[in-house]
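Each chain is listed here by its residues.
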Amino acid sequence: MSSEGASGPRAPEARSDSVFGRMPLLLGEREYGTAGAHATCFAYAVATWCFLTGGYVAELVGAVEGLVCLVAGNLVGVFLTSMPLSLACQRYGLEQIDACKPAFGPRGSKVLLLLYLVNMLGWSGLILVMFGNGLRNIALALGYSAGEWLVGAGVALGLVLSFAIVTRGVRLLNFANSLIAPGIGLLVLYLVYSLLNGHGWQALLDAPALSPGPSPVLNYLIAFELGVASGFSWWGGIGFLARNTRTRRNSIYPEIIQLGLASGLVCSVGLFSALIVKSNDPTEWMVPLGGVVMGVLALAFVAFANVTSTAISIYASGLALRHLKPLRGASWRVVVILTLVPCLPFVWWPQELYSLGDAFLAYNGTMYAPVSGIFFFDYFALRGQRLSLWSIFEDAPSGRYYHHWGVNWIALAALLLGQVLYVILYNPISGETHELFRFVPASLGSFCAAGGFYGLGMRLLARRVDSEEASPPQLLQPNI
Amino acid sequence: MSEQSPQSRQLDRETQNRVDELGGRIRSLESQPEDDFGRFTRWDWVCCILGGLLLPVLAVWFWAP
């Protein structure tokens, strides 16, 4: 197809293929101006996982400290992960895995795909357990005492509903999401009203953390770490948002304001609710705060919201799996089923896995802080904000980003170093911290160490990282 | 030379169409002037670094127990 053809008006199915597939998005196809970008980012930001994050932070610190940690942490995490990624994805119309191929290589970027899938499916599982807990608490509020089996059955039902939504297509998903975002916004306002009207600001200030550790400073720093990890966990959604914006400013400011600031504030409402109700489970907040009728209605809405949030994660994971060669031509149903399989353990061990949610949240920082550090250095310092689209979609060894056997081993070593350093500073599973953690937050240390190691390694060892080489006029082994 | 089945010929055609489409998109994006993608000035950088990094870190330091 000629360039004129590619930039001219497109058939709806071709446009859908580029918007929801991997084709670079042309300026004329991008949907978001300033208002659209803010609205979409806000819709992403106010999701039910904000309540989970707020609940986990409530275990460590009180209202004011938690508010500071959640808002500041989200802002820092979103800033560090979105600055290079948004500018690259916006300029070249790419989604994030493709944008990272210059740094990691075509095969090396599969590691990012794995991290991305762990992130999306982990959140899906946690949200499905929240859905199951919601069903159980609705039954309890209506006078039926159901056992733990109902939670597992709820997870299974949520998986079936997600499958039904995702395989029916994007329109149903978008329609459901257009109802959910304003609904969650109203629910947040309702929670704030119930908290302030029923309990008051002083009760919030006096409410102690649910199960803090012995050191107030460490509790505070871990809460900040959870906030930063929550910000970093937007890594998976940034490419889709940024590539759909028409200007650079629209790709950055809405993400920092909505995904950072607004999301941090919604997380804080979750924190306040958890502190007052004395439970980190969001499905246990609604009835005590709003009474039986309003509580059950709110719970039913949250349950619905959880299914659509899961469907979005499953949809994004399915698209990501299309990067794998055997699945490029597979039917969408097969891809979706493969995406759902890793969520099955949540059917059998819902509460056990749910209780690991705070560790999983922190693990998002472990995964994405070094990746963001590497890409930050690669895009701004090494490549001067210039990428070769030809080489990104080229799998042949002659491609500029092929590195060695399709992998940039320096980037993988930097990623490993960053992850190890993170776990040394703060182990998300055991909760142990190093003495240095008091001075260097784990995610920031990991970000800087991975970026620095990568930059040094590329300067010293890589043969060529310049962007002056003439672009190849054709693709030998296109990876589309 | 082995004969291709109708399905594999169809698949090859689809793949070739996608590659052609990709090539057209790449040419279009690479030839577009930078200003078409909007500006991001030093002041934008200052605002983002202040709001996304410095002020949050200062707030965390200020409210630390």
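Residues numbered from 1 in each chain as written. Chains lettered and ligands numbered in written order. Predicted model: local features only at pLDDT ≥ 70, side-chain atom pairs only at ≥ 80, totals over all residues. Heavy atoms only, no water.

**Side note on the overall build of chain A**
Helix and strand content of chain A: 23 helices and 0 strands. Here chain A has a C-alpha radius of gyration of 22 Å; the compact-globule value for 480 residues is 23 Å, and the two agree. With the C-alpha coordinates of chain A rotated into their principal frame, the extents come out at 70 × 55 × 40 Å. Residues classed as buried in chain A amount to 61% of the 480 residues present. For chain A, long-range pairs separated by at least 24 residues make up 84% of all intrachain contacts whose partners lie at least 6 apart in sequence. Accessible area for chain A stands at about 17,800 Å²; split by element, carbon and sulfur atoms hold 67% of it. (Helix = DSSP H or I, 4+ residues; strand = E, 2+ residues; numbered from the N terminus. Rg over C-alpha atoms; globule rule 2.2 N^0.38 Å. Buried < 20%, exposed > 50% of the residue type's maximum accessible area, 1.4 Å probe, protein only. Contact = heavy atoms within 4.5 Å. Areas by Shrake-Rupley, 256 points an atom, 1.4 Å probe, with all protein chains shown as cover.)

**Details of the interface of chain B and chain A**
Taken residue by residue, the interface counts 36 residues in chain B and 52 residues in chain A. In this assembly, chain B and chain A are joined by 5 salt bridges. As a salt-bridge pair, B:Arg25 and A:Glu29 come within 2.8 Å of each other at their nearest N and O atoms. Across the contact surface, chain B and chain A share 14 residue pairs in polar contact (both at pLDDT 80 or more). Contributions of two or more residues to the side of chain B that touches chain A are made by helix 1 (6-31) and helix 2 (42-62) of chain B. If you tally residues by element for the side of chain B that touches chain A, the top one is helix 1 of chain B, at 13 residues. Of the residues in the side of chain B that touches chain A, the class split is 18 nonpolar, 8 polar and 10 charged. (Salt bridge = Lys/Arg side-chain N within 4 Å of Asp/Glu carboxyl O. Polar contact = N/O pair within 3.5 Å; in protein donor to acceptor, adjacent residues only side chain to side chain. Nonpolar A, V, L, I, M, F, W, Y, C, P; charged D, E, K, R; others polar.)

**Brief notes about the packing of aromatic side chains**
All told, the structure shown has 15 aromatic pairs over all chains when counted by the stated rule. Residues A:Phe376 and A:Phe380 carry aromatic rings whose centres are separated by 5.0 Å and whose planes lie at 70 degrees to one another, so their mutual orientation is edge-to-face. Taken together, the positions of A:Phe376 and A:Phe380, both in helix 20 (residues 357-382) and 4 residues apart, correspond to about one turn of that helix. The class of A:Phe380 is buried, set by a relative accessible area of 18%. An aromatic cluster is defined as three or more aromatic residues linked by ring pairs; in this entry it consists of A:Tyr253, A:Phe375, A:Phe376, A:Tyr379, A:Phe380, A:Phe447, B:Phe40 and B:Trp45. (Phe/Tyr/Trp six-rings, centres within 6.5 Å; stacked < 30°, edge-to-face > 60°.)

**Some details on the nonpolar core**
Counting residues in each nonpolar core, the largest one holds 166 residues, and the members touching the most others are A:Phe104, A:Trp235, A:Ile374, A:Phe393 and A:Tyr454. Those residues in contact with A:Trp235 that sit more than four places away from it in its chain are A:Thr81, A:Leu85, A:Gln96, A:Ile97, A:Cys100, A:Leu112, A:Tyr116, A:Tyr368, A:Val371 and A:Ser372. (Core = buried A, V, L, I, M, F, W, Y, C linked by side-chain atoms within 4.5 Å.)

**Some details on unusual backbone geometry**
Residue and element names in this part refer to chain A. Residues other than glycine seldom take positive phi values, yet Gln385 does so here, at roughly 65 degrees. Topologically, Gln385 is positioned in the loop between helix 20 and helix 21 (389-392). Its relative accessible area of 32% is what places Gln385 among the partly exposed residues. For His403, which is not glycine, the phi dihedral falls at a positive 55 degrees.

**Let's talk about helix 2 of chain B**
Of all bends in helix 2 of chain B, the biggest is about 40 degrees, found at B:Leu50. For helix 2 of chain B, the complete set of buried residues consists of B:Asp44, B:Cys48, B:Gly52, B:Pro56 and B:Val60. Looking at the buried side of helix 2 of chain B, the elements it contacts are helix 5 (63-92), helix 12 (216-232) and helix 14 (248-277) of chain A. (Bend = angle between axes of the 7 residues up to and from the residue.)

**Re the confidence of the model for chain B**
Interpretation of this model should avoid reading the predicted coordinates in detail wherever pLDDT is low. Considering every residue of chain B, the mean pLDDT works out to 86; 83% of them sit at 70 or more. Model confidence for the complex is summarised by a pTM of 0.87, with the ipTM given as 0.87. (pLDDT = per-residue confidence, 0-100.)

**Considering the pattern of salt bridges**
Within the structure shown, the criterion is met by 9 salt bridges over all chains. The salt bridge involving A:Glu148 is made with A:Arg136; its shortest N-O contact spans 2.9 Å. Here the residue A:Glu148 occupies a position in the loop between helix 8 (109-141) and helix 9 (149-168), and A:Arg136 occupies one in helix 8, the gap between them amounting to 12 residues. Residue classification places A:Glu148 among the partly exposed positions, given a relative accessible area of 45%. Judged by relative accessible area, which is 11%, A:Arg136 ranks as buried. One salt bridge connects B:Glu34 with A:Arg248, and the closest N-O pair in it is separated by 2.6 Å. Taken as a pair, B:Glu34 in the loop between helix 1 and helix 2 and A:Arg248 in helix 14 lie in two separate chains rather than in one. By relative accessible area, B:Glu34 is classed as partly exposed at 32%. One network of salt bridges, with partners in common, ties together A:Arg91, A:Arg248, A:Arg386 and B:Glu34.

**Section: the environment of A:Glu284**
All names here are of chain A. Note on placement: Glu284 falls in the loop between helix 14 and helix 15 (286-321). With 147 residues separating them in the primary sequence, Glu284 and Asn137 have C-alpha atoms 7.0 Å apart. If we skip the residues at most four places from it in the chain, Glu284 touches Arg136, Asn137, Val277 and Ser279.

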